[in-house]
Every structure is written in structure tokens, then in C-alpha cells.
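# A closer look at the structure
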Amino acid sequence: MEAIKESELILNPDGSVYHLNLLPHQIADTIITVGDPNRVNRVAKHFDNLEYSVDKREFHTKTGTYKGKRFTVISTGIGTDNIDIVLNELDALANINLETRTPKSEHKQLTFVRIGTSGSIQKSIPVDSFVVSQKGLGFDGLIFYYESDKAINPSFTKAIQKHLKIHPGKPKPYIIDGDEQVVKLLAEGQGIKLGITGSNVGFYGPQGRVLRAKLQDPSFIDQLVEFKCDNEIITNLEMETSAIFGLSKILGHRAAAINAIIANRATGNFSEQPKESVDKLILYTLNQLVKLD
Ligand code: R1P
């Protein structure tokens, strides 16, 4: 098999992957992703022991065990563009022999769980509640750079493309399923909501926020609120889940996402205790994930 060229699979002098600075033995099979680099410590502080720690750019990584289960927690920074780097490099660590630069013959499945913050678009989902993403709805277009036809949920993608009247210059929206088993496990807790999580390429205009710049599609959020398919609704908006779900499907990994709702776009409220909500979410998620095979 032909080796992947140095310009395509870039390795640092110590053999670690270019952006994440990690070697294969330094990652666990269960990987928690968070947007904010400061959140990595807030997850890892619960670990029984810390095995490995490295920071490069916005990608801060810690590997250790929690209640005996091995976890890696890594920050992705903000946005689906960073997810492209994080998922491809983590997959390379698991599924490419970095010495021969050839894919391994046996596939290793990783499990990605995003612990994030997000804004609810539904009145009925208040601040400080937790939402598990049954599906990711992407406006980012990232997965269309890959052979992604099989990754997409065809009926939901068709339904959202038919429903939304947005300017034709924007990438087509797509919907991807989260991993059923992990989604179910994360949704077990009392009061936890399930829904479709939308991810877009920006925080303001792309999520329908107006400060001074006017929007091209002012009814975008209203259209999202009204969408319903097989009794599933769009619950919340953030900036990473669609790409995590999409690339996980394409690369053969499991993915789920759970977000603390810190803003409610329908009522205009913002949480008075966002830090407490996220800390509660972290502990809840860790305690659920230790039950995973
Ligand atoms: C925007 O403030 C950031 O917060 C949300 C969005 O997805 C975006 O990354 O998630 P994190 O708190 O995980 O970063």
C-alpha cells in the first residue's frame, strides 16, 4: 500500500500528529470533546489519575481514568472547521500506522462525546437544562467535502431542505444521526431533553443574532422552530455537533453530544449560573459514560 505523503499526514519531529501533538498510545477509545480549553481541566479534575497532558494552540488534551474507565478529554476550540482537524487527527492516531504511513488493516472504533454549551430555540427548553442531540443538523457544509452520501439521514435531510427557505448561496443543510446507544445512555437522566441540534459557522448572523449587521434571512430561527419530522424538533443551536456526527459516521466512529442550555433564544434569557450548569453536566456525563461498553 502506498504511504500517505508527508504533506498530507503531517507529523512533528517526535512522530506526533501535527496539530494535536499526540502519539497513538496517549489517547483513550472514549474521547470527550469540549469547545473551551478551560473546560478540559474541569473534566480532568474528576479523573482518578492523570496519565498524559499536552496543550497546543486551542487543542488541550488530558488522558486519564474515571472510576477505572480510560478517557481522553480534548478541547476543539470553536467551530466545525476545528472539528475537521481534531477528528481526522484522532482517527489517524487510531487507524493509521504512523511509522509506515499506511492505514491499519483492522479498524478501531472510537467514541466521541461532546460536552458543550448551547442556546435553546424552543420556549419549552429553559436555561440550565441539558439537551442530548439525537441528530445533528449542519449548516456548515463541511461534510460535503467528503464522500458523505451514506452518512446523511436521507429522510430528515430531505425534509429540512424542503422546509427551509434560505438564500440559495448558502451550503445545503444536512442531518446526521447520533449513535443510538450512546444517545440513549446520555438521555437517561431526569429531565434531560432529546432533540435535533443545529450547528452553524458563526455565533451571531449564522445563528440569527442581530447586533448591528442585518441578516440576509431574518426568519431563519422562526423557520427552525417550526420544523418537525417524525415528531422530532430542532431544540438548540451551537457550532460543532454536526461536524462531529458527520465525520464520525464517515470514519466509522460513534458520536453523541450533550449540551448545557445557557441561553434561551425564544425568551431572551441567559443563565445566571452557566458555570454551575456545565460542572453539573460534566459530572453527569462522566457517570453515564462509565456504564458504556
Ligand atoms: C460559542 O460561544 C461556543 O460555545 C459553544 C458553541 O458551540 C461555540 O463553540 O460550545 P462550547 O461551550 O463547547 O465552546
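About the cut-offs
- Residues numbered from 1 in each chain as written.
- Predicted model: local features only at pLDDT ≥ 70, side-chain atom pairs only at ≥ 80, totals over all residues.
- Heavy atoms only, no water.
- UniProt positions renumbered as here; feature names shortened; annotations may be inferred.
- Near = heavy atom within 4 Å.
- Polar contact = N/O pair within 3.5 Å; in protein donor to acceptor, adjacent residues only side chain to side chain.
- Areas by Shrake-Rupley, 256 points an atom, 1.4 Å probe, with all protein chains shown as cover.
- Helix = DSSP H or I, 4+ residues; strand = E, 2+ residues; numbered from the N terminus.
- Contact = heavy atoms within 4.5 Å.
- Salt bridge = Lys/Arg side-chain N within 4 Å of Asp/Glu carboxyl O.
- Buried < 20%, exposed > 50% of the residue type's maximum accessible area, 1.4 Å probe, protein only.

Per an unreviewed UniProt entry, the protein chain goes by the name Uridine phosphorylase and belongs to Mesonia sediminis. Under the heading Catalytic activity (unreviewed entry), UniProt records this for the protein chain: "uridine + phosphate = alpha-D-ribose 1-phosphate + uracil".

Taken together, Gly35, Asp36, Arg39, Ile78, Arg114, Gly116, Thr117, Phe203, Glu238, Met239 and Glu240 form the complete shell of residues around the ligand. Take arginine 39: an N or O atom from its side chain is 2.6 Å from an oxygen atom of the ligand. Arginine 114 places a polar side-chain atom, nitrogen or oxygen, 2.8 Å from an oxygen atom of the ligand. For the ligand, the protein covers 84% of the area, taking 340 Å² as the surface of the free molecule.

The residue lysine 62 is located in strand 3 (residues 59-66) in this model. At 3.4 Å, the side chain of lysine 62 forms a polar contact with the side chain of asparagine 41. The contact partners of lysine 62, leaving out residues within four places of it in the chain, are Val40, Asn41, Ala44, Phe47, Leu50, Tyr52, Ser53, Phe71, Thr72 and Val73.

With that out of the way, let us pick up the UniProt feature "domain: Nucleoside phosphorylase" (unreviewed entry) in the protein chain. When the UniProt feature table is mapped onto this chain, "domain: Nucleoside phosphorylase" (unreviewed entry) is found at residues 31-269. Split by type, residues 31-269 is 25% helix and 34% strand. Its first and last C-alpha atoms lie 31 Å apart.

The next subject is the pattern of salt bridges. Taken as a whole and judged by the stated rule, the model has 11 salt bridges. Notably, a salt bridge pairs lysine 170 with aspartate 217, separated by 2.4 Å at the nearest N-O pair. Of this pair, lysine 170 sits in the loop between helix 3 (154-163) and strand 9 (174-177) while aspartate 217 is found in the loop between strand 10 (193-199) and helix 5 (220-226), placing the two residues 47 residues apart along the sequence. Relative accessible area serves as the criterion here: at 36%, lysine 170 is assigned to the partly exposed category. A residue is classified by how much of its surface remains accessible, and aspartate 217, at 14% relative accessible area, is buried. Connected through shared salt-bridge partners, Arg42, Lys275 and Asp279 make up one network.

Here we come to helix 6 (residues 241-251). Quick reminder: α-helices carry 3.6 residues per turn. Residues three or four places apart thus point the same way. Extensive coverage of helix 6 is indicated by the burial of eight of its 11 residues. Three or more residues of helix 6 are buried, namely Thr241, Ser242, Ala243, Ile244, Phe245, Gly246, Leu247 and Ser248.

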